[in-house]
Amino acid sequence: MTKTLYKNAQVFTGKNEQFESLNFVMDDENGRFVQEKQGDQTVDLAGKYVMPGMINAHTHIVADPYGKIAQLGSPDATAPTATFLALNNLQKLLADGVTYIRDVGSIADIDIELAALERQGELFAPGIVASGSPLTMTGGHFSAGSYEVDGVDEVRKYARVLLKKGVNNIKLMATGGVSFDGETPHDIQLTEAELKAAVEEAHHKGRTANAHAQGTEGIQNALRAGVDSIEHAVYLDEKTIEMFLQKGTYIVPTLAAPWAINQNSETLPDFMVKKSIKLAQAHIQSIGKAAKAGVKLAMGTDSGTAFNNFDKNSSIELELMADAGVTNLQVLQAATVNAAQLLQIDQQAGTIEPDKMADFIVLDENPLTEIKVLQKEKTVYKKGKKVE
């Protein structure tokens, strides 16, 4: 059983608040950090900065952000095509430094099955917390790729179906959104009672539930229903921020989603661009205010939506969060320890400490000084294996 000592690096463990000169040792066979102080071999990381692998809490790995192969929800998105996309997208995430994801909208149970293969050691990829297909009202947000459910009993039934299939999270649609025509971010979709039924089922099994919610009223419905995180959280007022603090609910901002649309406005449908441009500033202000108030944040990109890629946007999301007023420390915590706690994987990921998986990133510069360094060249390790 060989062990490797990594020495002389400046390390952000996820639990400290600045990079410190620390050594750490990894068991090369099981890919975990260990208590020992010495190794059979040594890697000198003098002048380098080390942090835990990033966790992206909001992806759609079966999607093609450029729409070249298949539009998510279209008849072209067959299981073989979507699996091909998912496998490619997982490798792109890994190269960007993402070592764990929560997928929140798949088809054909692809995320559930790939999650199992990764856990078994058959797939070298980021770890996956799978949600399977989301729950939405008939004709609701992302209805083409979701279970359409109406009323508390149907929600409960399909939440149980998802749990039977093996999901670790249930994704709910509480409002309309940007990417689909005929709805707005303010539309109320699943009701508070419907949301609550799914949350109860998830929590009975010790799993999580999260809600796509953009408008204020829909966000409040989801908060009262007891979800573990709100995705997007575009329109927040003081009362809603206070509700987040009281309940300890996380926000997954996904600032990269409207940013990517607005960067490519000339090639996208008018309905999408108009909604995205209209909400962009409110979204940025809401996330900045929430961070300043102390709401818990977890990093997520919504990669898979229009032009929202897998190979760069996780590290770009960190810059967008910082630009919104989130401190660099809060940003790093959102991408590591916070996201691990939200996803209930904090016993194995999110920090650099003994018994955790050896998921880490080696950088040339300090991201607490300049968050954009995560977009530069970096070396990524997943379960102790270097990502080539």
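Here the structure is a predicted model, which means the values were calculated and not measured.

1. Thoughts on helix α8 (residues 270-293)
Item 1. Its 24 residues give α8 an end-to-end C-alpha distance of 35 Å, which sits within 8% of 34 Å, the value for a rise of 1.5 Å per residue.
Item 2. Of all the bends in α8, the greatest measures close to 40° and is centred on A280.
Item 3. In the segment just after α8, G294 is the residue with positive phi, at about 95°.

2. Some words on the nonpolar core
Item 1. With 79 residues, the main nonpolar core has M51, L135, I170, L172, I230 and I251 as its most contacted residues.
Item 2. I251 has contacts with I230, A233, L236, F244, I287, A290, V295, K296, L297 and A298, leaving out every residue within four places of it along the chain.
Item 3. Counting 14 residues, the second largest nonpolar core, distinct from the first, contains I55, V129, A298 and A349.

3. Here's the deal with the side chain of T351
Item 1. Inspection of the secondary structure puts T351 in the loop between α11 (337-342) and β15 (360-363).
Item 2. Accessibility expressed as a relative area gives 4% for T351, which makes it buried.
Item 3. Polar contacts involving the side chain of T351 include one to the side chain of E353, which spans 2.7 Å.
Item 4. Of the polar contacts made by the side chain of T351, one reaches the side chain of K356; its length is 2.5 Å.
Item 5. Among residues more than four places away in sequence, those in contact with T351 are T13, G14, K15, F33, P52, V337 and K356.

4. Description of the pairing of strand β13 (residues 229-232)
Item 1. The sheet contact formed by strand β12 (residues 208-213) and β13 spans 4 bridges and is parallel. When the sheet's bridge partners are listed, A213 is paired in β13 with H232.
Item 2. Where β13 meets strand β14 (residues 250-252), 3 bridges bridge the pair, whose relative direction is parallel. Bridge pairing links S229 to Y250 in β14.
Item 3. In this region the chain leaves β13, passes through helix α6 (residues 238-247) and returns to the parallel neighbour β14; the handedness of that crossover is right-handed.

5. Some details on the packing of helix α3 (residues 152-165) against helix α4 (residues 192-204)
Helix-helix packing is characterised by the crossing angle of the two axes and by the distance between the axes.
Item 1. Relative to each other, α3 and α4 sit at 30°, their axes nearing to 8 Å. Looking at the two axes, α3 sits roughly parallel to α4. Our pair here, α3 against α4, has a crossing hand that is right-handed. Of the residues in α4, those touching α3 at V152, V155, R156, A159, R160 and L163 are A193, E194, A197, A198, E200, E201 and A202.
Item 2. Each residue belonging to the contact of α3 with α4 can be placed in one class, and the counts come to 8 nonpolar, no polar and 5 charged.

6. Notes on the pattern of salt bridges
Item 1. All chains considered together, the criterion is met by 16 salt bridges.
Item 2. For the salt bridge of D364 with K48, the shortest nitrogen-to-oxygen distance reads 2.5 Å. A residue pair is termed long-range when its members are at least 10 positions apart, and D364 in the loop between β15 and β16 (379-382) and K48 in the loop between β4 (41-44) and β5 (49-52) qualify at 316 residues.
Item 3. Here D364 falls in the partly exposed class, since its relative accessible area comes to 45%.
Item 4. Put simply, R224 and E192 hold a salt bridge, and the shortest N to O gap is 2.9 Å. Here E192 lies in helix α4 and R224 lies in helix α5 (residues 216-225), a separation of 32 residues in the sequence.
Item 5. For E192, a relative accessible area of 29% translates into the label partly exposed.
Item 6. Through salt bridges that share partners, R156, R160, K196, E200 and E201 make up one connected network.

7. With respect to the environment of D355
Item 1. Within the secondary structure, D355 is located in the loop between α11 and β15.
Item 2. The contacts of D355, once residues within four sequence positions are left out, are R32 and F33.

8. Description of a negative patch on the surface
Item 1. A surface patch of like charges, here negative, comprises E148, D150, D153 and E154.
Item 2. Structurally, E154 can be placed in helix α3.

9. Examining the packing of α5 against α6
Item 1. Contact pair α5 / α6: the axes reach a minimum separation of 10 Å and the direction vectors enclose 20°. Comparing the axis directions of α5 and α6 gives the class roughly parallel. In this structure, α5 crosses over α6, and the sense of that crossing is left-handed. On α6, the residues that touch T216, I219, Q220, L223 and R224 of α5 are K239, T240, M243, F244 and K247.
Item 2. Taken together, the residues of the contact of α5 with α6 sort by class into 4 nonpolar, 3 polar and 3 charged.

About the thresholds
Residues numbered from 1 in each chain as written. Predicted model: local features only at pLDDT ≥ 70, side-chain atom pairs only at ≥ 80, totals over all residues. Heavy atoms only, no water. Helix = DSSP H or I, 4+ residues; strand = E, 2+ residues; numbered from the N terminus. Expected span 1.5 Å × (residues − 1). Bend = angle between axes of the 7 residues up to and from the residue. Core = buried A, V, L, I, M, F, W, Y, C linked by side-chain atoms within 4.5 Å. Buried < 20%, exposed > 50% of the residue type's maximum accessible area, 1.4 Å probe, protein only. Contact = heavy atoms within 4.5 Å. Polar contact = N/O pair within 3.5 Å; in protein donor to acceptor, adjacent residues only side chain to side chain. Pairing = 2+ DSSP bridges. Right-handed = clockwise from strand over helix to strand, strands pointing away. Axes fitted to C-alpha atoms, helices over the stretch in contact; angles between N-to-C directions. Parallel < 35°, antiparallel > 145°, perpendicular 65-115°, else oblique. Left-handed = near helix turned anticlockwise from the far one by under 90°. Nonpolar A, V, L, I, M, F, W, Y, C, P; charged D, E, K, R; others polar. Salt bridge = Lys/Arg side-chain N within 4 Å of Asp/Glu carboxyl O. Patch = residues over 30% accessible without salt bridge, like charges linked within 9 Å, V, L, I, M, F, W, Y side chains within 5 Å. Areas by Shrake-Rupley, 256 points an atom, 1.4 Å probe, with all protein chains shown as cover. Lys, Arg positive; Asp, Glu negative; His and termini not counted. Charge placed at Lys NZ, Arg CZ, Asp CG, Glu CD.

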